[in-house]
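# Observations on chain architecture
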Amino acid sequence: MTTKSAAAAARATLYGYPRQGPNRELKKAIEGYWKGRVSAPGLRRTAAELRAATWRRLAETGLHEVPTGDFSYYDHVLDTSVMVGAVPERHRGAFAADELDGYFAMARGTQDVAPLEMTKWFDTNYHYLVPELGPDTAFAADSAKQVGELKEALALGLTARPVLVGPVTYLLLAKPAPGVAADFEPLTLLDRLLPVYARVLADLRAAGAEWVQLDEPALVQDRTPAELNAVTRAYSELGALTGRPKLLVASYFDRLGEALPVLAKAPVDGLALDFTGPAAANLDDLAAVGGLPGKRLVAGVVDGRNVWINDLESSLATLATLLGLADRVDVAASCSLLHVPLDAAAEHGIEPQIARWLAFARQKTAEVVTLARGLSRGTGAIAAELAANRADLASRAGSAITRDPAVRARTSAITEADARRAQPYAERAVAQRAHLRLPPLPTTTIGSFPQTGELRTARADLRAGRIGTDAYEERIEAEIREVVSFQEKTGIDVLVHGEPERNDMVQYFAEQLTGYLATQHGWVQSYGTRYVRPPVLAGDISRPEPMTVRWTAYAQSLTDRPVKGMLTGPVTMLAWSFVRDDQPLADTARQVALALRDEVDDLETCGTSVIQVDEPALRETLPLRAADRPAYLAWATEAFRLTTGGVRPDTQIHTHMCYAEFGEILAAIDDLDADVISLEAARSHMRVADELAAAGYPREVGPGVYDIHSPRVPPEAETAHLITRALRSVPAERLWINPDCGLKTRGWAEVRPALERMTAAARQARQQLPAAH
């Protein structure tokens, strides 16, 4: 039974918040620092002002407890590596000379030193820097950042809770350092790491922390008995510390499953659980273990990853049930609000009816506060909010915007044959080689070329009406001519048009498809200072007219070499958008696939012989639990094949993936039935080529030999070494040479020499092949 005092104790809190500021002030300050226009004190001052403004805003909204420590110049996992002293040997010199420059060297590399590997944060589009550990790693506590930010918040008179990546998740996210045996398990370092966490916790308690949050999202994945035993050991040791702050262990993105009873029994003071989407199962699981008597429960009932308004009445019902399962129930979003834009109120271009359906970080914070007030004081205290919420939910459910009968009829008519090429790969490969007549080890790029300041200015001028469409298109044509000319002179075999007309690989298409909404200020951090504006999938999807044909055909008119048509695949169109929550993802994927199929067919009709359909998000969207993966992979691969299934055998279909763990989905990659796949491989030392070879992957492969997410220009010898390394796993007749990813975020000063060295290394490798090639 619920007691009145338990309900009255409900408070509002968050796990984390967007870092960038209302106008991306942090991005601009950091990039200014890299370019020498902003001093280190100036950067730190901007960061401190942003933190203070965020905390004040949260408190003014009604949040009872603000998070600290979630702020980062680049990545919170990288911050954790610094906190525990896990600085790789190659970065220690730079770090000792200047901590800020050393930190950015770990993130981005320098001309002489490679950065840390980067990959996706669970099943999100956020990237983290992978810790590099080995048996000789010596940890050492450095709590200056965490303590400093806590003191800043406390100085504002706020109740603050530091947020740290938990020790078990940190080790499970880590990989063996270069030169360390591949089978080394970083989790074996747990006993060495725990005293460092104990020191940081003591420092935070001394600085005034009553509670500290330890994030353990890795525990929502399938974990072995040994890993669960590590959780028991970790929290038994940390829970037994004397004079420590209270410990809140947080998980999100899915249900805790077998880790829940372990944490429920641990000597910690509270758990923070996700109760949205698949994690709603946490409710029954929590009841099954007898709840959390004597502990605090922070209930994540507001979806922190999507942009739709909360169903307040449904969330209140969940919270009411939870009141009987813990001594204290507080209200939060399901995860850090890092994964959503800042403020829906800034979007003045969205139709007012639809705008009422949206909740970004500020609106979600208000929802959390409203729910806490309703839980504490009863529904009468929030009657007006509940009435408005019911009206908005009903408006969305009954809107014609969300349903297009023609789209639904076409989707219903899909057959299995629609999602299969008519000829097997072996026959297609022969036809394509005869048609394209490419040399061994053909070179290409992934699609985009540098987005110069002039291009961005031209787009802004077009939006503002300062130039007309004709002038803008002349500027795009000039850029395409330059890109094509450069590729021909450099000796690249399969060209691209460079995508100068595209703002983002998802947004560009979303703006031309019905059913999508684009935002003006909906920036979300992808990695470092890279921010994207994920579009919103609000209704059924169709393609009114061709989207890429004009520019691809123009580029092809400038050269005799093949020019790739460039499209973003259906899974990535979903993964990097805010998707509908009112129908299955598989249904939405089929709608997007059919729209893209029309584009593929038009590209082929206009003479495009090579078409790339990028699916970098195929792995990142993989469900965190193994039991949920087969169903996802079935519809995801079907959607790709539905996009590409109608082309001729001599039309070569490429796909691209980057910055993810591919080993778990090799069978699905094969099931895509693409003719060529390009993959990130430079930072991960060509590991994916070995994985594909071990799996018997039969198609053509382009493992990246140039890491484009670092400003450094790799020496030709380094690129040549990676090509040689790839040839150990992939036969020359099936190996392509290309960068890791698109070049949009790099400058021409880096791209020109890097691609020149890449093609020179490819030519050298080609000359060393046996005569049969």
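Preceding this section is the structure that the text describes.
Residues numbered from 1 in each chain as written. Predicted model: local features only at pLDDT ≥ 70, side-chain atom pairs only at ≥ 80, totals over all residues. Heavy atoms only, no water.

Phi at E499 is positive, roughly 60°, even though this residue is not glycine. Mapping E499 onto the fold places it in the loop between α20 (469–490) and α21 (507–510). Even without being a glycine, M686 presents a positive backbone phi close to 65°. As for its placement among the helices and strands, M686 is situated in the loop between β19 (676–679) and α27 (687–694). (Helix = DSSP H or I, 4+ residues; strand = E, 2+ residues; numbered from the N terminus.)

Attention now moves to the pairing of strand β5 (residues 160–165). For β5, a buried count of 6 out of 6 residues is recorded, marking the element as mostly surrounded by other parts of the structure. With 3 bridges joining them, strand β1 (residues 66–68) and β5 adopt parallel strand pairing. Within β5, the residue paired with P67 across the bridge is R161. Two elements, β5 and strand β7 (residues 211–215), share 3 bridges in a ladder whose sense is parallel. Paired with L164 across the two strands is L214, which belongs to β7. (Buried < 20%, exposed > 50% of the residue type's maximum accessible area, 1.4 Å probe, protein only. Pairing = 2+ DSSP bridges.)

Glancing now at the sheet that holds strand β9 (residues 270–274). Here we have 7 strands laid out as an open sheet, ordered β1-β5-β7-β8-β9-β10-β11, and parallel in their pairing. The open sheet has two edge strands with one neighbour each: β1 and β11 (326–333). Going from strand to strand, the sheet's axes swing by 25° on average, the running direction of each strand aside. The pairing of strand β10 (residues 292–302) with β11 spans 7 bridges and is parallel. Pairing of R296 across the sheet is with R328, part of β11. Across the face of the sheet, helix α13 (residues 312–322) comes into contact with β10 and β11 while running at roughly 175° to β10. (Axes fitted to C-alpha atoms, helices over the stretch in contact; angles between N-to-C directions. Contact = heavy atoms within 4.5 Å.)

Counting across every chain of the model gives 59 salt bridges. The salt bridge partner of E152 is R51, with a shortest N-O separation of 2.9 Å. Residue E152 is found in helix α7 (residues 144–155), and its partner R51 is found in helix α3 (residues 40–61); the two are separated by 101 residues along the sequence. The exposure class assigned to E152 is partly exposed, which follows from its relative accessible area of 28%. Overall, R51 belongs to the buried group, its relative accessible area being 9%. For D203, the salt bridge is made with R199, and the minimal N-O distance between the two is 2.9 Å. One end of the pair, D203, and the other, R199, are both in helix α9 (residues 190–206), 4 residues apart, so they sit about a helical turn from each other. Residue classification places D203 among the partly exposed residues on the basis of a relative accessible area of 23%. A relative accessible area of 43% places R199 in the partly exposed class. Connected through shared salt-bridge partners, R396, R408, D540, R580, D581 and D582 make up one network. (Salt bridge = Lys/Arg side-chain N within 4 Å of Asp/Glu carboxyl O.)

Next up on the list: the packing of aromatic side chains. The tally for this structure, following the rule as stated, stands at 16 aromatic pairs. A centroid spacing of 6.1 Å and a plane angle of 45° characterise the contact between Y33 and F104, whose relative ring orientation is tilted. A residue pair is termed long-range when its members are at least 10 positions apart, and Y33 in helix α2 (residues 25–34) and F104 in helix α6 (residues 99–108) qualify at 71 residues. Look at F104 and you get buried, because its relative accessible area is 5%. Seen from their ring centres, W121 and F122 are 4.9 Å apart, and the 80° between their planes marks the pair as edge-to-face. Accessibility expressed as a relative area gives 3% for W121, which makes it buried. Lying across the ring of W551, R550 places its NZ or CZ 4.3 Å from the centre. (Phe/Tyr/Trp six-rings, centres within 6.5 Å; stacked < 30°, edge-to-face > 60°. Lys NZ or Arg CZ within 6 Å of the ring centre and 35° of its normal.)

Bringing the sheet that holds strand β17 (residues 610–614) into the picture now. Backbone hydrogen bonds are what pair the strands of a sheet, in a parallel or an antiparallel way. The 5 strands lie next to each other as β16-β17-β18-β19-β20, forming an open sheet whose pairing is parallel. Either end of the sheet is taken by a strand with one partner, and the two such strands are β16 (564–568) and β20 (700–703). Each adjacent strand pair in this sheet contributes to an overall mean axis angle of 20°, direction not counted. Here helix α25 (residues 629–644) sits on the sheet and contacts β17 and β18 (652–657); the angle it forms with β18, its principal contact strand, is near 145°.

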